[in-house]
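Fold and geometry: a report
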Amino acid sequence: MHQSKSERLRNQLGLPALSPHTRTRLNRLLNRIRRSAQKRMVIVEGKTDKRIYWWVRDRFGTGNARVFDARGIDELLNIYNQKTTLFDARGVAVAFMADRDLERLFCTNPQPGDIVWTEGYCIENDLYEGYVKDRGFSL
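Everything numeric here is computed off the predicted structure, so don't read it as measured data.

Pairing geometry for strand E1 (residues 40-44) and strand E3 (residues 93-98), over five bridges, is parallel. When the sheet's bridge partners are listed, Arg40 is paired in E3 with Ala93. Across two bridges, E3 lies against strand E4 (residues 116-117) in parallel orientation. Following the sheet pairing, Met97 is matched in E4 by Val116.

Rendered as structure tokens:
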């Protein structure tokens, strides 16, 4: 039986297979990405990550990019595995950002290497730690 790249990566990481509900939601997201005319995109793991990215973008002027939340690490990895056809072939610059939480549970090194993984458990903790350090406090 043939396995897709995302199925092989999920097996390698010990992640469960996608449910039919998740697959339908993922297909809708993939269609939104395909229809987007934006040439710069950021794919984040969840809704909270999306709001935080918008806050950082607005606060620090990191530029305009369309932000999509994948609604989970499984979906983010599926989109990542299709990046050649979804983004590269269309000339779209894309960044993938994920929390390290699940990655720590299933493997010792972040994979794939060109996904931006948080230093700590999640992006909220990274921002809080940076805020505390910038003010001279110690954790």
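What follows covers the side chain of Lys50. For Lys50, the position within the fold is in helix H3 (residues 47-60). Beyond its immediate stretch of four places on either side in the chain, Lys50 contacts Val44, Val67 and Asp69.

This brings us to a nonpolar patch on the surface. Residues Trp55, Phe60 and Leu127 make up a contiguous nonpolar surface patch of roughly 330 Å² in combined accessible area. Relative to the helices and strands, Trp55 resides in helix H3. Judged by its relative accessible area of 43%, Trp55 falls in the partly exposed class.

For the structure shown, the criterion picks out four salt bridges. The partner of Asp69 in a salt bridge is Arg71, and the shortest N-O contact between them spans 2.7 Å. Of the residues examined, Asp69 reaches a relative accessible area of 9% and is grouped as buried. Among the residues examined, Arg71 registers a relative accessible area of 44% and is labelled partly exposed. Salt bridges sharing common partners tie together Lys50, Asp69 and Arg71.

Cut-offs and rules
- Residues numbered from 1 in each chain as written.
- Predicted model: local features only at pLDDT ≥ 70, side-chain atom pairs only at ≥ 80, totals over all residues.
- Heavy atoms only, no water.
- Pairing = 2+ DSSP bridges.
- Helix = DSSP H or I, 4+ residues; strand = E, 2+ residues; numbered from the N terminus.
- Contact = heavy atoms within 4.5 Å.
- Patch = residues over 30% accessible without salt bridge, like charges linked within 9 Å, V, L, I, M, F, W, Y side chains within 5 Å.
- Areas by Shrake-Rupley, 256 points an atom, 1.4 Å probe, with all protein chains shown as cover.
- Salt bridge = Lys/Arg side-chain N within 4 Å of Asp/Glu carboxyl O.
- Buried < 20%, exposed > 50% of the residue type's maximum accessible area, 1.4 Å probe, protein only.

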